[in-house]
Amino acid sequence: MSFLKKAFYIGLQRVSRDRLARVPEPSSSIEDQAVIEGNLRDGLEGSLALVYGLISAILDSYDLGSPKKVLDVGTGTGVLLSKIAGLFPEAQFVGIDISPTMLEVARRVTRDRGNVELILCNLYDLGERFAGEKFDLITWALGLHHMPDEEMAKRAISVLLELLSPNGYLFIFDIRRPKTRAIAEFIAHTFNSNWGPAYRQDALNSYLAGFSYGEVEGVLKALQLPAYIHKEPIIANIFQYILLPPAARRPRELRRKSQAHYKGPLWFDYLVLRLGFGL
Ligand SMILES: C[S@@+](CC[C@H](N)C(=O)[O-])C[C@H]1O[C@@H](n2cnc3c(N)ncnc32)[C@H](O)[C@@H]1O
């Protein structure tokens, strides 16, 4: 039954028109202890863990060279940063976040990794904070939807592009707003209910704050970028990603099956997400 329900909502997301108006997040910084705890547990053992697996699998599917310096923007609990660090063991990582409470958790989560530095910083201030420094890879996961509007999203992407080294890559992964309210509520209910009502509500708020594929496309066009990859899943889900500039896909046999990829009980949902992005 649950499988049929999921299949129904996948189909609905695929065929519906974008009918849900965007509702920006009530606050950009995440400070609520219950939400942070939910975020951490979901990222370690829940549905967020499989989203992290998907992000790792996407990154792993592209030939991004051998980045030496990586910046993770809006790093949150550090669970994803830890996984990305597993994909690029040779690199030095900097994780930044605007929330001191999140960074405290991230310090605990990444404490055994000698190559991770965590800094309290607003992403709009990154230019000043890292004046003269460049990064080979910048990752920004589940953060774009925290931008109040498209103008600020444009500003944020411009800030990050300024920090890229000449051969560097910017990877942005975020929610693609569900097309109807019923889809958003079904996903929050099915995947985000295990860690308390505050976390469930926060997840729903995030879905409603996601930019639609068309809105992100508009932001990228307005930035007049020469080339980029911007992907919406073929088998519908509620995520999208941007890779800039475009990179070639790595042959399948060279892709890692590292611990960064998801291996857990939600393997079916993970498979659907992977297939959705052609992985
Ligand atoms: C939904 S969490 C995602 C965290 C992490 N990237 C992940 O995938 O789990 C978004 C994070 O972005 C941070 N954030 C929001 N606005 C920010 C800003 N302007 N500058 C830096 N961090 C910001 C929040 O504090 C929060 O930790």
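This text goes with the structure placed above it.
The present account deals with the structure reproduced in this document. By convention here, each chain's residues receive numbers from 1 onward along its written sequence. The model is predicted, so local features are restricted to residues of pLDDT at least 70 and side-chain atom pairs to those at 80 or more, both for listing and for counting; the totals for chains, interfaces and linings are taken over all residues.

1. Remarks on the overall build of the chain
Piece 1. Looking only at helices and strands, the chain has 11 helices and seven strands in total.
Piece 2. C-alpha extents for the chain along the principal axes are approximately 55 × 40 × 40 Å.
Piece 3. For the chain, the proportion of its 279 residues judged to be buried stands at 46%.
Piece 4. Across the chain, the fraction of contacts at a sequence separation of at least 24, relative to all contacts at a separation of at least 6, is 76%. A run of H or I in DSSP counts as a helix once it spans at least four residues, and a run of E counts as a strand once it spans at least two, with each numbered from the N terminus. The burial criterion counts other C-beta atoms lying within 10 Å of a residue's C-beta, which is placed from the backbone; the residue is buried at 20 or more, exposed at 12 or fewer, and partly exposed between these limits. In this description, a residue-residue contact is defined by the distance between C-beta atoms placed from the backbone, which must lie within 7 Å.

2. Some remarks on the pairing of strand β4 (residues 135-141)
Side chains on a regular strand alternate between the two faces of the sheet.
Piece 1. Here β4 lies mainly inside the structure; seven of its seven residues are buried.
Piece 2. Pairing between strands requires that DSSP locate at least two bridges from one strand to the other. Sheet topology note: the strand β1 (residues 69-73)/β4 ladder contains four bridges and is parallel. If you follow V70 over to β4, its bridge partner there is L137.
Piece 3. Sheet topology note: the β4/strand β5 (residues 164-175) ladder contains six bridges and is parallel. Paired with T139 across the two strands is F171, which belongs to β5.
Piece 4. If the strands point away from the viewer and the path from the first strand over the helix to the second runs clockwise, then the crossover is right-handed. As a crossover connection, the stretch from β4 through helix α7 (residues 150-162) into β5 is right-handed.

3. Some words on the packing of helix α2 (residues 33-45) against helix α3 (residues 47-61)
Piece 1. At their nearest, the axes of α2 and α3 sit 5 Å apart, and the two run at 60° to each other. Judged on the interaxial angle alone, α3 and α2 are oblique. The two elements α2 and α3 cross, and the hand of that crossing is right-handed. Contact residues: α2 offers D42, G43, L44 and E45, while α3 offers S47, L48, A49 and Y52.
Piece 2. Along the lines of polarity and charge, the residues of the contact of α2 with α3 split into four nonpolar, two polar and two charged. For helices, the fitted axis covers only the stretch in contact; all axes are lines through C-alpha atoms, and the angles between them, taken along N-to-C directions, range from 0 to 180 degrees. Angles are sorted into four bins: roughly parallel if under 35 degrees, roughly antiparallel if over 145, roughly perpendicular if 65 to 115, and oblique for all others. When the near helix sits turned anticlockwise from the far one by under a right angle, the crossing is termed left-handed; a clockwise turn instead gives a right-handed crossing. Each residue gets one label: Ala, Val, Leu, Ile, Met, Phe, Trp, Tyr, Cys and Pro are nonpolar, Asp, Glu, Lys and Arg are charged, and the others, such as Gly, are polar.

4. Describing the environment of C121
Piece 1. Mapped onto the elements, C121 comes out in the loop between β3 (116-120) and α6 (126-129).
Piece 2. On the basis of neighbour count, C121 is assigned to the partly exposed category, with 18 C-beta atoms found within 10 Å.
Piece 3. The sequence separation of C121 and V73 amounts to 48 residues, and the corresponding C-alpha distance is 9.3 Å.
Piece 4. Setting aside residues no more than four positions away along its own chain, C121 makes contact with I96, L126 and R129.

5. A look at the sheet that holds strand β6 (residues 229-231)
Piece 1. Pairing within the open sheet is mixed, and its seven strands lie in the order β3-β2-β1-β4-β5-β7-β6. Only two strands of the sheet have a single partner each, and these edge strands are β3 and β6. Each strand of the sheet is rotated relative to its neighbour by a mean of 15°, with strand direction disregarded.
Piece 2. On the sheet, helix α5 (residues 100-109) packs against β2 (92-97) and β3 and is oriented at approximately 165° with respect to β3.

6. Examining the nonpolar core
Piece 1. In terms of nonpolar packing, the biggest core is built from 81 residues, with I55, I138 and F171 touching the most fellow members.
Piece 2. It is α3 that provides the largest number of residues to this core, a total of 10 residues.
Piece 3. Excluding residues within four positions of it along the chain, I138 makes contact with L71, V73, L160, L163, L164, G168 and L170. The term nonpolar core refers to a set of buried Ala, Val, Leu, Ile, Met, Phe, Trp, Tyr and Cys residues connected through C-beta atoms within 7 Å.

7. Looking at the site of the ligand
Piece 1. By nearness alone, 20 residues border the ligand, and G74, G76, I98, S99 and L123 come closest of all.
Piece 2. Across the shell around the ligand, the residue classes break down as eight nonpolar, 11 polar and one charged. What makes a residue near a molecule or strand is its C-beta atom, placed from the backbone, lying within 6 Å of it.

8. Comments concerning helix α8 (residues 181-191)
Piece 1. For α8, the set of buried residues is I183, A184, I187, A188 and F191. One side of α8 carries all its buried residues, which in axial view fall inside an arc of 130°.
Piece 2. The elements touched by buried residues of α8 are α1 (2-15), α3 and α9 (197-209). Note: the arc covers the axis-to-C-beta directions of the helix.

9. Quick notes on unusual backbone geometry
Piece 1. Cis geometry is found at the peptide bond from L244 to P245, where omega equals -5°.
Piece 2. If you trace the backbone, P245 turns up in the loop between β7 (239-244) and α11 (267-276).
Piece 3. In this structure, Q224 takes a positive phi of about 50° despite not being glycine.
Piece 4. With respect to the element layout, Q224 can be found in the loop between α10 (213-222) and β6.

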